[in-house]
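# Per-entry structural report
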Amino acid sequence: MKFIELTLKNHTILHGFDARNREVTEVVEVEEASKKLVAVKRILSISEKYILIKYAYDRVIYWEYVEDYETIKKMLVS
């Protein structure tokens, strides 16, 4: 399994949907960013501000990242 190292900070956890099909989310703000190893196969998408990662129990997390978009793109292409 391939991993990339990213510096991640604030994030929003999507826990699922309620009875009215509205997202159930939890916003997490941290004091400082931290490095994490992320399994490439868990990455669902990347924007210029967020990386969307699949987690356990059918949750997904939108993480803010410190690296720039082009750097992450190069990590994934190589």
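Bear in mind the structure is a predicted one, so any value in this text is a computation, not a measurement.

Rules behind the numbers
Counting starts from 1 at the beginning of each chain's written sequence and moves along it residue by residue. In view of the model being predicted, local features appear only for residues whose pLDDT reaches at least 70, and side-chain atom pairs are presented and counted only at 80 or more, with totals across whole chains, interfaces and linings using the full set of residues. Water and hydrogen atoms play no part in the side-chain values, which are based on all heavy atoms of the structure. Note on conventions: DSSP H or I runs of at least 4 residues are helices, E runs of at least 2 residues are strands, and numbering of each starts at the N terminus. For the exposure calls, accessible area comes from a 1.4 Å probe over protein chains only, and a residue counts as buried if that area is under 20% of its type's maximum, exposed if over 50%, partly exposed in between. Positive charges come from Lys and Arg, negative ones from Asp and Glu, while His and the chain ends are left out of the count. A charge is said to be at NZ when it belongs to Lys, at CZ for Arg, at CG for Asp and at CD for Glu. Residue-level confidence of the predictor is summarised by pLDDT, bounded by 0 at the bottom and 100 at the top. Strands are treated as partners if at least two bridges between them are detected by DSSP.

### Overview of the overall build of the protein
Per the secondary structure count, the protein includes 1 helix and 6 strands. Secondary structure elements in the protein, listed N-terminal to C-terminal, are β-β-β-β-β-β-α. Along the first, second and third principal axes, the C-alpha atoms of the protein reach 40 × 30 × 20 Å. Counting all 78 residues of the protein, 28% fall into the buried class. Distance between charge centroids for the protein: 6 Å, based on 13 positive and 13 negative side chains.

### A look at the confidence of the model for the protein
It should be kept in mind that the predicted coordinates are not to be read in detail where pLDDT is low. Across the protein, the average pLDDT comes to 95, with 100% of residues at 70 or higher. Averaged pLDDT values for the elements of the protein fall to 92 in helix H1 (residues 69–77) and rise to 98 in strand S6 (residues 60–65).

### A look at the pairing of strand S1 (residues 3–17)
Summarising the sheet, S1 and strand S3 (residues 34–39) pair through 6 bridges and their orientation is antiparallel. Looking at the pairing, Leu6 lines up with Lys36 of S3. Pairing between S1 and S6: 5 bridges, direction antiparallel. Residue pairing for S6: Leu8 is matched across the bridge by Tyr65. In this structure, S1 lies alongside strand S2 (residues 23–28), joined through 6 bridges in antiparallel fashion. Residue pairing across strands places Phe17 opposite Glu23, the latter belonging to S2.

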